[in-house]
Amino acid sequence: MKTIITSHKQTDFDALASIVAATYIYPGSTGVVPSEVSSNVSRFLSTHKTAFELILPKEVKHEQIERLVVVDTGSWQRLDRMDKCKDMDIEIHIWDHHAPGNIDADKATREDVGATVTLLIREIEKNEIKLDPLTSTLMLLGLYEDTGRLSFPSTTSEDARAAAFLLDNGADLNVAHFFLNPPFEERQKEILFEMMKHTEKLNIHNFRIGINIIPLEGKTTTLAGIVSTYRSIINVDAIFAIFVTNGRSTVIARSGTESLNAVSY
């Protein structure tokens, strides 16, 4: 367990895909998936987890770690059971497409692309590493989820080239469509309808901005998908949804224009 690779809690497809992609770049490494994952990722892992060499945070032997690779985040507080690593004399690498966090890395690959997995795919292609169809499909799921199937304003030509590489390696678009389009459950529908009742719309520098504060009871999954759907329904340039649970707030922002860079951390 000399090199372990992990990502943020509430792991989405870009985070999972980036963990798996990084294991190809760091031979002999171990992928560590946080205990809390999104419902879509949980559904995927329930049928495909054995195809990948992944472990849970509780299985990590910290005393054996020599290098920690963090993907799709740069913040200690978003990692699962990795606090011990803060005070260890180990090498830390970061691969991310968000703004810098509080992890002081020895090496950081951070660029403004649509998905973190895009950066890792570029490295895989450069090293002429071949991928099997299932791995390619997982990476396409991560790429498509974070770029809205290459339609979000944050999408770059680099993301499109990465998608082409994955399709050349057998990525299955039907599987990607299945896992990225699960129907909303009743709880998610209730939240969406409640959001539609109470929206504050502002005009700021000629941009239409929607703001909504939503109290929640207990844990609710697929909030990012709800917010994306909500923005389209109310037809604003950007939406900021603030979910409040037990005194703690989670802000999810979505933008539909290149002029507004709304990213949730």
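Look up: the structure comes first, before these words.
In this report, we go over the structure that sits alongside the text. Quick caveat: nothing in here was measured; it's all calculated off a predicted structure.

Helix and strand counts for the chain stand at eight helices and ten strands. Taken against the 2.2 N^0.38 rule, which gives 18 Å for 265 residues, the C-alpha radius of gyration of the chain at 18 Å falls within 12% of a compact globule. With the C-alpha coordinates of the chain rotated into their principal frame, the extents come out at 50 × 40 × 35 Å. Buried positions account for 47% of the 265 residues belonging to the chain. Across the chain, contacts joining residues at least 24 apart in sequence account for 66% of those joining residues at least 6 apart. A distance of 4 Å separates the average location of the 27 positive side-chain charges in the chain from that of its 36 negative side-chain charges.

Turning our eyes to something else, we now look at the sheet that holds strand β2 (residues 30-32). An order of β3-β2-β1-β4-β5-β6 is seen for the six strands of this open sheet, with the pairing classed as parallel. Of all the strands in the sheet, the pair left with one neighbour each is β3 (54-55) and β6 (107-110). One ladder, built from four bridges, connects strand β5 (residues 91-96) with β6; its direction is parallel. Residue pairing in the sheet places Asp 96 in a bridge with Arg 110 of β6. Packing of helix α3 (residues 116-126) onto the sheet brings it into contact with β4 (67-71), β5 and β6, and relative to β5 it is tilted by some 110°.

Let's shift gears to the packing of aromatic side chains. Counted under the stated rule, the structure contains four aromatic pairs. Plain terms: the ring middles of Phe 44 and Phe 179 are 5.2 Å apart, the flat faces sit at 75° to each other, and that makes the pair edge-to-face. Remark: Phe 179 occurs in helix α6 (residues 173-180) and Phe 44 occurs in helix α2 (residues 39-48); sequence separation between them is 135 residues. For Phe 179, a relative accessible area of 6% gives the class buried. In this structure an aromatic cluster arises from ring pairing among Phe 13, Phe 44, Phe 52, Phe 178 and Phe 179.

This part takes up the side chain of Thr 137. Note that Thr 137 resides in helix α4 (residues 133-147). Overall, Thr 137 belongs to the buried group, its relative accessible area being 3%. Among the polar contacts listed, one links the side chain of Thr 137 to the backbone nitrogen of Asp 172, at a separation of 2.9 Å. When near neighbours in sequence (up to four residues on either side) are disregarded, Thr 137 contacts Gly 170, Ala 171, Asp 172, Val 175 and Ala 176.

A separate point is the nonpolar core. With 43 residues, the main nonpolar core has Phe 44, Met 139 and Leu 166 as its most contacted residues. Counting residues per element, the ones that place at least two in this core are α1 (13-25), α2, β4, α3, α4, α5 (157-168) and α6. Counting residues per element, this core draws most heavily on α1, which supplies eight residues. Residues within four places of Phe 44 in sequence aside, it is in contact with Phe 13, Leu 16, Lys 49, Phe 52, Leu 134, Leu 138, Leu 141 and Phe 179.

What follows covers unusual backbone geometry. Peptide bonds are mostly trans, and most non-glycine residues show a negative phi. A positive phi angle is found at Asp 72, which is not glycine, with a value near 65°. For Asp 72, the position within the fold is in the loop between β4 and β5. For Asp 72, a relative accessible area of 1% puts it in the buried group. Even without glycine at this site, Asn 206 takes up a positive phi of about 70°. Locating Asn 206 in the fold gives a position in the loop between β7 (200-204) and β8 (207-215). For Asn 206, a relative accessible area of 71% gives the class exposed.

Next up on the list: helix α8 (residues 223-234). In a regular helix each residue adds 1.5 Å, so twelve residues correspond to 16 Å; α8 covers 16 Å between its end C-alpha atoms and thus fits that length. Taken residue by residue, α8 has Leu 223, Ile 226, Val 227, Tyr 230, Arg 231 and Ile 234 as its buried positions. Relative to the axis of α8, the buried residues are bounded by an arc of 135° and lie together on one face. Buried residues along α8 sit in contact with α7 (186-197), β7, β8, β9 (238-245) and β10 (248-255). Backbone geometry just downstream of α8 places Asn 235 in the positive-phi region, at approximately 55°.

Our next topic: the pattern of salt bridges. Applying the stated criterion across every chain yields a total of seven salt bridges. For the salt bridge of Glu 123 with Lys 126, the shortest nitrogen-to-oxygen distance reads 3.5 Å. Here the residue Glu 123 and the residue Lys 126 both occupy positions in helix α3, the gap between them amounting to three residues, near one helical turn. Overall, Glu 123 belongs to the partly exposed group, its relative accessible area being 21%. Taking the shortest distance from any N to any O, the salt bridge between Arg 208 and Asp 237 comes out at 3.5 Å. With Arg 208 in strand β8 and Asp 237 in the loop between α8 and β9, the pair connects residues that are 29 residues apart, well separated along the chain.

Analysis parameters
- Residues numbered from 1 in each chain as written.
- Predicted model: local features only at pLDDT ≥ 70, side-chain atom pairs only at ≥ 80, totals over all residues.
- Heavy atoms only, no water.
- Helix = DSSP H or I, 4+ residues; strand = E, 2+ residues; numbered from the N terminus.
- Rg over C-alpha atoms; globule rule 2.2 N^0.38 Å.
- Buried < 20%, exposed > 50% of the residue type's maximum accessible area, 1.4 Å probe, protein only.
- Contact = heavy atoms within 4.5 Å.
- Lys, Arg positive; Asp, Glu negative; His and termini not counted.
- Charge placed at Lys NZ, Arg CZ, Asp CG, Glu CD.
- Pairing = 2+ DSSP bridges.
- Axes fitted to C-alpha atoms, helices over the stretch in contact; angles between N-to-C directions.
- Phe/Tyr/Trp six-rings, centres within 6.5 Å; stacked < 30°, edge-to-face > 60°.
- Polar contact = N/O pair within 3.5 Å; in protein donor to acceptor, adjacent residues only side chain to side chain.
- Core = buried A, V, L, I, M, F, W, Y, C linked by side-chain atoms within 4.5 Å.
- Expected span 1.5 Å × (residues − 1).
- Arc of directions from axis to C-beta.
- Salt bridge = Lys/Arg side-chain N within 4 Å of Asp/Glu carboxyl O.

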